[in-house]
Amino acid sequence: MGDRTIAIDDADEDDGAQLIEGTVQPGERLDKALSHASGLSRERIKALIAQGAVTLGGKALSSGSAKTVGETPFAIAVPAPTPAEAMPQDIPLTIVFEDEHLIVIDKPAGMVVHPAAGNPDGTLVNALLHHCAGQLSGIGGVARPGIVHRIDKDTSGLMVAAKSDLAHEGLARQFADHSIDRAYRAVVKGRPMPPSGTIEGRIGRSNKDRKKMAVLDGGDERGKHAITHFRTLEALQGAALVECTLETGRTHQIRVHMSSIGHALLGDPVYGRSDSRFRPILNRLSFHRQALHAAMLGFIHPASDQRIQFSSEIPRDMAELIEELARSN
């Protein structure tokens with residue numbers, strides 16, 4: 001695989017247009033070689049070739065079926081996704097707090113935060129647009145009105161959304177300077193030893209799988225610095241209930257960090273390997289998500305300057321999992 005560089009035209013690596021440049025090695029089909037060199041899927045490469053977005057040796061590539069000859073430079077212009085305007089939908093919400101500036105929601109597992117490829121509607125944004133009658137901050141754009149931060153689809157718990165631009169800017173500053181208080185409950189495989197500690201390491205795209213995040217090697221300057229503090233709350237059968245507090249908020253941070261120390265979250269389909277010890281319990285309870293819940297959220301209210309804090313009980317599916325593992329202990 002040749003060297004590559006990526007120029008990103010937007011501050012968010014997942015949202016902006018990209019120019020991926022590098023070299024392909026001889027002997028492979030072009031679409032396969034370009035996939036390896038760029039980190040994009042072969043299907044994505046084929047689509048970009050059809051759009052005239054791929055050049056090889058300075059010339060537009062028309063097909064990916066030919067074999068590579070010699071070490072050849074390539075360039076792939078990956079366009080920024082076109083945001084689609086989200087529409088209001090009457091979807092029930094569990095509202096913890098609301099005023100004219102912001103709203104705190106207890107998000108259920110399974111709900112996507114904002115529309116994206118594969119999830120055009122039925123999201124938290126669609127529900128907020130209906131509940132707030134469109135009165136959401138416009139800073140996030142038409143696809144993400146009001147959204148200051150996110151939690152994963154299959155993570156449950158507390159989120160704050162901005163109804164005014166003042167609130168959005170004030171909350172964004174607090175997330176940027178890491179002054180937001182956030183605590184999560186997680187059920188992890190094994191029992192961490194020592195029972196509490198701090199995990200620190202840069203998190204970025206995995207070299208082996210671009211769809212996954214990973215803790216990067218010490219010499220790797222990609223990714224973003226991340227710090228997670230954890231402490232064991234309860235020892236379970238072959239597992240533990242832990243509390244994780246975040247100093248930073250990186251993509252999949254808790255899932256990646258806990259997995260990196262050998263204690264992946266139960267049910268995690270991406271960062272946790274299937275384990276025969278837990279499979280019968282997970283199947284019996286129909287628990288098919290990462291066991292992670294955003295249990296506490298605290299911040300300075302952007303309008304009143306008062307510190308406010310909210311908590312959320314562990315949802316029933318996770319509570320049943322904890323009870324089952326405690327009973328077996």
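Residues numbered from 1 in each chain as written. Predicted model: local features only at pLDDT ≥ 70, side-chain atom pairs only at ≥ 80, totals over all residues. Heavy atoms only, no water.

## Brief notes about the overall build of the protein
- Each helix and strand in the protein was counted, giving seven helices and 16 strands.
- When its C-alpha atoms are laid out on the principal axes, the protein stretches across 60 × 50 × 35 Å.
- Relative to its 329 residues, the protein shows a buried fraction of 45%.
- Residue pairs in contact within the protein that sit at least 24 positions apart in sequence constitute 65% of those at least 6 positions apart.
- In the protein, the 37 positive side-chain charges and the 41 negative ones have mean positions that sit 8 Å from each other. (Helix = DSSP H or I, 4+ residues; strand = E, 2+ residues; numbered from the N terminus. Buried < 20%, exposed > 50% of the residue type's maximum accessible area, 1.4 Å probe, protein only. Contact = heavy atoms within 4.5 Å. Lys, Arg positive; Asp, Glu negative; His and termini not counted. Charge placed at Lys NZ, Arg CZ, Asp CG, Glu CD.)

## Side note on the packing of aromatic side chains
- Evaluation of the coordinates by the stated rule reveals two aromatic pairs.
- Measuring from ring centre to ring centre gives 5.4 Å for Phe-97 and Phe-310, while their planes differ by 40 degrees; the resulting arrangement is tilted. Within this pair, whereas Phe-97 is found in strand S6 (residues 95-98), its partner Phe-310 is found in strand S16 (residues 307-311), the two being separated by 213 residues in sequence.
- Note on Phe-299 and Phe-310: the rings are 6.2 Å apart at their centroids and 45 degrees apart in plane angle, and the pair reads as tilted. Separated by 11 residues along the polypeptide, Phe-299 in strand S15 (residues 292-300) and Phe-310 in strand S16 bring together distant segments of the chain.
- Owing to a relative accessible area of 11%, Phe-310 belongs among the buried residues under this scheme.
- Ring pairs connect the aromatic residues Phe-97, Phe-299 and Phe-310, which therefore count as one cluster. (Phe/Tyr/Trp six-rings, centres within 6.5 Å; stacked < 30°, edge-to-face > 60°.)

## Some words on helix H5 (residues 253-260)
- Of all eight residues making up H5, six are buried, and the element is well covered by its neighbours.
- Every buried residue belonging to H5 is among Gln-253, Ile-254, Arg-255, Val-256, His-257 and Met-258, and all of these are buried.
- Among the residues trailing H5, Gly-262 stands out with phi positive, at a value near 85 degrees.

## A look at the pairing of S16
- Here S16 shows a buried face lined by Ile-308 and Phe-310 and an unburied face lined by Arg-307, Gln-309 and Ser-311.
- With five bridges connecting them, S15 and S16 associate as antiparallel partners. Residue pairing across strands places Leu-297 opposite Phe-310, the latter belonging to S16.
- Linking S15 to S16, which pair antiparallel, is a turn of six residues; within it Asp-305 sits at a positive phi near 65 degrees. (Pairing = 2+ DSSP bridges.)

## Considerations on the UniProt feature "active site" (unreviewed entry) in the protein
- Per the UniProt record, the feature "active site" (unreviewed entry) sits at Asp-152.
- Along the polypeptide, Asp-152 turns up in the loop between helix H3 (124-131) and strand S8 (156-162).
- Contact partners of Asp-152, with chain neighbours within four places excluded, come to Lys-107, His-252, Arg-255 and Gln-290. (UniProt positions renumbered as here; feature names shortened; annotations may be inferred.)

## What about the pattern of salt bridges?
- Within this structure, the stated rule accounts for 11 salt bridges.
- Between Lys-163 and Glu-98 there is a salt bridge, with its nearest N and O atoms 2.9 Å apart. One end of the pair, Lys-163, is in the loop between S8 and helix H4 (165-176); the other, Glu-98, is in strand S6, and 65 residues separate them in sequence.
- Given a relative accessible area of 17%, Lys-163 falls into the buried group.
- Glu-98 sits in the partly exposed class, given a relative accessible area of 33%.
- Asp-275 serves as the salt-bridge partner of Arg-277, at 2.9 Å between the closest nitrogen and oxygen.
- Connected via shared salt-bridge partners are Asp-152, Arg-255 and Asp-268. (Salt bridge = Lys/Arg side-chain N within 4 Å of Asp/Glu carboxyl O.)

## With respect to the domain arrangement of the protein
- The assigned domain composition of the protein is domain 1 (18-78), domain 2 (81-177) and domain 3 (180-328).
- The straight-line distance from the C-alpha centre of domain 1 to that of domain 2 is 37 Å. (Domains from an automatic or database assignment.)

## Describing unusual backbone geometry
- The linkage connecting Met-193 with the following residue, Pro-194, adopts the cis geometry, with an omega of 0 degrees.
- In this structure, Ser-286 is a non-glycine residue whose phi angle is positive, near 55 degrees.
- On the secondary structure map, Ser-286 appears in the loop between helix H6 (279-284) and S15.
- With a relative accessible area of 55%, Ser-286 lands in the exposed category.
- The backbone of Asp-305 sits at a positive phi, close to 65 degrees, despite the residue not being glycine.

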